[in-house]
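# Tertiary structure, described
For reference, the chains in residue letters:
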Amino acid sequence: MQRDVEQARLRLNEFKALYKVWKRGVSWLDHLLLGVLVWIEEKLIDNRVKVELDEAIKEWETLHPPTPPSFVYTESPSETSTRLPEMRITSAWYIDTIKGSKGR
């Protein structure tokens, strides 16, 4: 019963096998060994998950590159200068919201 509970804390079969081979029958030493194996196993699993997620995100980004935002470039005569026009670079969604609010 106690062995089942101790090994249930370990998730990977490699670590369960290591615990079976390395345990000595001294309860405090076995408990310390189990704690170290559980800690190492958690770090290993976290690292594997992080690597897999990073690779999946990179793969998704290569298959679906982000679309560049669309900009609207406008020029109009300047009120303060006779030679230089007033130039604006505005996002397309902003222009649409301004046109929509003027029509109300």
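Scroll up to find the structure this text is about.
Treat the numbers as computed from the prediction; the structure is a model and nothing was measured.

## Brief notes about the side chain of E41
By secondary structure assignment, the location of E41 is in helix α3 (residues 27-63). No salt bridge is formed by the buried E41, whose closest oppositely charged neighbour, R11, lies at an N-O distance of 5.4 Å. One polar contact links the side chain of E41 to the main-chain amide nitrogen of L12, over a distance of 2.5 Å. Excluding residues within four positions of it along the chain, E41 makes contact with R9, L10, R11, L12 and F15.

## Some remarks on the side chain of D30
Take D30: it is sitting in helix α3. For the buried residue D30, which engages in no salt bridge, the nearest side chain bearing the opposite charge is K23, 6.3 Å off. Only 2.9 Å separates the side chain of D30 from the backbone nitrogen of R24, close enough to count as a polar contact. Residues within four places of D30 in sequence aside, it is in contact with Y19, K23, R24 and G25.

## Some remarks on the pattern of salt bridges
Tallied over the full model, the rule gives 2 salt bridges. As a salt-bridge pair, E86 and R88 come within 2.9 Å of each other at their nearest N and O atoms. Look at E86 and you get partly exposed, because its relative accessible area is 30%.

## Side note on the environment of F15
Within the secondary structure, F15 is located in helix α2 (residues 13-22). It is 8.2 Å that separates the C-alpha atoms of F15 and V38, two residues lying 23 residues apart in sequence. Residues contacting F15, with those up to four places away along its chain left out, are L10, L37, I40, E41 and L44.

## Remarks on the nonpolar core
L10, L12, F15, Y19, L33, L34, L37, V38 and I45 together form the largest nonpolar core, which totals 9 residues. At the level of elements, α2 and α3 are the ones that each hand at least two residues to this core. The leading source of residues in this core is α3, at 5 residues.

Rules of the game
Per chain, residue numbering runs from 1 following the sequence as it is written. Confidence filtering applies because this is a predicted model: local features only for residues at pLDDT of at least 70, side-chain atom pairs given and counted only at 80 or more, and all residues used for totals across whole chains, interfaces and linings. Only heavy atoms go into the side-chain values, all of them from the structure, while hydrogens and water stay out. The secondary structure listing takes helices from DSSP runs of H or I that are at least 4 residues long and strands from runs of E that are at least 2 residues long, numbered from the N terminus. Partly exposed residues are those whose accessible area sits between 20% and 50% of the maximum for their type, while under 20% is buried and over 50% is exposed, using a 1.4 Å probe and protein chains only. The convention is simple: Lys and Arg are positive, Asp and Glu are negative, and His and the chain ends are not counted. Whenever a carboxyl oxygen of Asp or Glu lies within 4 Å of a side-chain nitrogen of Lys or Arg, that contact is scored as a salt bridge. We define a polar contact as two N or O atoms separated by no more than 3.5 Å, with the added condition that, inside protein, one atom must be a possible hydrogen donor and the other a possible acceptor, whereas residues neighbouring each other in sequence contribute only through side-chain atom pairs. Residue contacts follow a heavy-atom distance rule, with two residues in contact if any of their heavy atoms lie within 4.5 Å. We call a set of buried residues a nonpolar core when its members are Ala, Val, Leu, Ile, Met, Phe, Trp, Tyr or Cys and they connect through side-chain atoms within 4.5 Å of each other.

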